[in-house]
Amino acid sequence: MVLDSRSLVDHAGSVLEISNQQSVSQPSPVDSFTHRLDYDVAIAGGGIVGLTLACALKHSGLRVAVIEAKPIEAGFSWRRAYALTLMTGRILAGLGLWDKILPQIATFRQIRLADEDSPAVVTLQPQDLGTAELGYVGEHHVLLRSLYEALDNTPNLTWHCPATLVAVDYKSDHVTLHLEQESERRQFTTQLLVAADGARSPLRESAGIGTHGWQYWQSCVTAVIRPEKDHGNVAREHFWTSGPFATLPLPDNRCQIVLTAPHEEARALLETEESAFLVELERRYGGQLGRLELVGDRALFPVRLMQSDRYVQPRLALVGDAAHCCHPVGGQGLNLGIRDAAALAEVLTQAHATGKDLGTLPVLKRYERWRKLENLTILGFTDLLDRTFSNRWRPLVMARRLALRLMAGLWPLRFLALRLMTGLGGRSPQLAQHPGKPQLER
Ligand SMILES: Cc1cc2nc3c(=O)[nH]c(=O)nc-3n(C[C@H](O)[C@H](O)[C@H](O)COP(=O)(O)OP(=O)(O)OC[C@H]3O[C@@H](n4cnc5c(N)ncnc54)[C@H](O)[C@@H]3O)c2cc1C
């Protein structure tokens, strides 16, 4: 009996048809039924979050499929870098990837926060947190390639790449996936479908899962620069009333910059001559980094905050940007997604070990209860930061400068802010407690 059916256009422009079909007969017992399905978990989206989940399920005994719309090489050529939290470092170490990743990324041991031309600069140091470092900056291709190589030749993993998911039938005891791969239509069944298909998630929309949030009045310009002076492995967040301006250190004395500004100003910064763009950056640095060189192209991103109303429903779970998006201030978005992946993998592995059906709500709700509130806290934190600092109202300007002075003088405030920013607050996945984790405690 078909209860509901919808269709939509996915990011690649193809039509994705969804039907929710409930069987009127009793489902077969889990064990006898699931072995007849092609997969236990199918992950739609082979970005960093989707592959982290696949990697975390590698030794679970589950049969996993990854469906990615673009050729994998397309992801290797994406020139973007992310601030990675200490928690992300621990999760990647738990996956056995850290020794390979660490030499290719930058480690920062100082964060400097500044408010426009105010002299009240706050410097956060590892001793404020009792750790050896405060975070890392890694490039997209480094993370993606490491995950991909770790998954190469995994016996229980099947790649469908490039492949487009064109239709999904949700049944009470499994999901049927219809893919287009190499001009052929193929059909597979799975216990659980995971949407790791990014912020515009066709799967979330077609499943009728609503979202709350808003578009900001700002956009982000990103670029990689090479300064004349040594960046000193310092991460900088300089708040301007137009929006925060982050500078993240990269290997080879390069820096990833993320400059947030009202849409028109951001577009003008994207389109202006390279020399004028660099002059504007040098003005913002006040000469601290010397002359700047642009390495590669600039890019423009819209900025939004979004939280899905549900992270799960029978046979479907959302992870990463498919579940939530936040303002890039503080560099949190990907880190939250990596943590979602570690949490979901833990829940699924435990459910599998006790013979439970992975697609049922009691199992999936454990993941939602774990991650939804924690993510909302960070979404709120990034929103508060952006609204408080992108503001010219005099009393608020005075209040935030006072807050920065207090933070500079009071260790407990620096400690609390760092717990939030480094991901060390909240419930830690077991993967992050792996003996191979970076030795953070002194
Ligand atoms: C300017 C800017 C700066 C940022 N800086 C940081 C930072 O410093 N630190 C940080 O943690 N986060 C940062 N973020 C956030 C971060 O970029 C995102 O949170 C992260 O990339 C989301 O990863 P994802 O794997 O969930 O989604 P995506 O990277 O969007 O991956 C989704 C994948 O799904 C595939 N796909 C889509 N539809 C389908 C389909 N139907 N079938 C199969 N495959 C499909 C896509 O091809 C893609 O490969 C920043 C964001 C912006 C905009």
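Small disclaimer: the values here were computed from a predicted structure and weren't measured. Numbers given to residues run from 1 along each chain, matching the order in which its sequence is written. Only residues with pLDDT of at least 70 get local features here, since the model is predicted, and only at 80 or more are side-chain atom pairs given and counted; chain-wide, interface and lining totals rely on the full set of residues. Side-chain measures here rest on the full set of heavy atoms in the structure, leaving out hydrogens and waters.

K.L.:
Would you explain the site of the ligand in this entry?
P.N.:
Nearness of a residue to a molecule or strand requires only that one of the residue's heavy atoms be within 4 Å of it. Within the structure, the ligand sits among 27 residues, and Glu68, Arg80, Ala83, Asp321 and Leu334 are positioned closest to it. One of the side-chain nitrogen or oxygen atoms of Glu68 is found 2.6 Å away from an oxygen atom of the ligand. At 2.5 Å from an oxygen atom of the ligand is found a side-chain nitrogen or oxygen belonging to Arg80. All accessible areas in this document rest on Shrake-Rupley with a 1.4 Å probe, and a residue is counted as covered only by the protein chains that are shown. Within the complex, 89% of the 1,000 Å² of free accessible area of the ligand lies under protein. Where the shell around the ligand is concerned, the elements lending two or more residues are helix H2 (48-56), strand E5 (81-84), strand E14 (211-227) and helix H10 (333-353). Top contributing element to the shell around the ligand by residue count: H10, with 3 residues. Polar contacts here mean pairs of N or O atoms no more than 3.5 Å apart (in protein, one a potential hydrogen donor and the other a potential acceptor; neighbouring residues in sequence count only if both atoms are side-chain atoms). Numbering of helices and strands starts at the N terminus; helices are DSSP runs of H or I of at least 4 residues and strands are runs of E of at least 2.

K.L.:
Looking at this structure, how should I read the sheet that holds strand E15 (residues 234-240)?
P.N.:
Strands belonging to one sheet form pairs held by backbone hydrogen bonds; the direction of such a pair is parallel or antiparallel. A pair of strands is labelled paired if DSSP reports no fewer than 2 bridges between them. Within the open sheet, the 8 strands sit side by side as E8-E7-E15-E16-E17-E14-E18-E21. Their pairing is mixed. Each of the sheet's edge strands pairs with one partner strand only, and the pair in question is strand E8 (122-124) and strand E21 (324-325). The pairing of strand E16 (residues 243-250) with strand E17 (residues 254-262) spans 6 bridges and is classified as antiparallel. In the strand pairing of E17, Ala246 is matched with Val258. Of the strands in this sheet, E14, E17 and strand E18 (292-308) touch helix H8 (residues 263-271), which is tilted by about 140 degrees from E17. In this description, contact between two residues means that some pair of their heavy atoms is separated by no more than 4.5 Å. Lines are fitted to the C-alpha atoms to define the axes, a helix being fitted only along its stretch in contact, and any angle between axes, read from their N-to-C directions, falls within 0 to 180 degrees. Lying on the sheet, helix H13 (residues 411-421) is in contact with strand E7 (110-115) and E8; it crosses E8 at an angle near 60 degrees.

K.L.:
Just to check I follow, could you spell out the environment of Tyr367 for this structure?
P.N.:
Structurally, Tyr367 can be placed in helix H11 (residues 361-389). Looking at Tyr367, the relative accessible area reads 0%, which means it is buried. Sequence separation between Tyr367 and Glu346 is 21 residues; the distance between their C-alpha atoms is 8.7 Å. Those residues in contact with Tyr367 that lie beyond four places of it in its chain are Tyr311, Val312, Leu318, Val319, Asp340, Ala343, Leu344 and Val347. For each residue, the accessible area found with a 1.4 Å probe, counting protein chains only, is set against the maximum for its type, and the residue is called buried under 20%, exposed over 50%, and partly exposed in between.

K.L.:
Which parts of the structure should I look at to understand the nonpolar core?
P.N.:
Put simply, a nonpolar core is a bunch of buried Ala, Val, Leu, Ile, Met, Phe, Trp, Tyr and Cys residues held in one set by side-chain atoms that sit within 4.5 Å of each other. Core analysis: the biggest nonpolar cluster contains 106 residues, and Val41, Ile43, Ile111, Leu124, Leu177, Leu193 and Leu348 have the highest contact counts within it. Take this core: its biggest share by element is 10 residues, from H10. Contacts of Val41, omitting those with residues within four sequence positions, involve Leu57, Leu62, Arg63, Val64, Ala65, Thr190, Leu192, Val194, Leu348 and Leu358. Residues Ala223, Ile225, Ile257 and Leu294 belong to the second largest nonpolar core, which totals 18 residues.

K.L.:
Hey, could you run me through the environment of Arg226 in this one?
P.N.:
Counting through the fold element by element, Arg226 comes out in strand E14. When neighbours within four sequence positions are excluded, Arg226 is seen to be in contact with Asp252, Asn253, Arg254, Arg291, Leu292, Glu293 and Val295. A distance of 3.4 Å separates the side chain of Arg226 from the backbone oxygen of Asp252, its partner in a polar contact.

K.L.:
Help me understand the sheet that holds strand E6 (residues 106-108) in this model?
P.N.:
Read from one edge of the open sheet, 3 strands run E5-E9-E6, paired in antiparallel fashion. Lying at the two open borders of the sheet, with one neighbouring strand each, are E5 and E6. The sheet shows a mean angle of 25 degrees between the axes of neighbouring strands, direction not considered. Note: E6 against strand E9 (residues 135-139), 3 bridges, orientation antiparallel. Each bridged residue has a counterpart across the sheet, and for Thr107 the counterpart in E9 is Tyr136.

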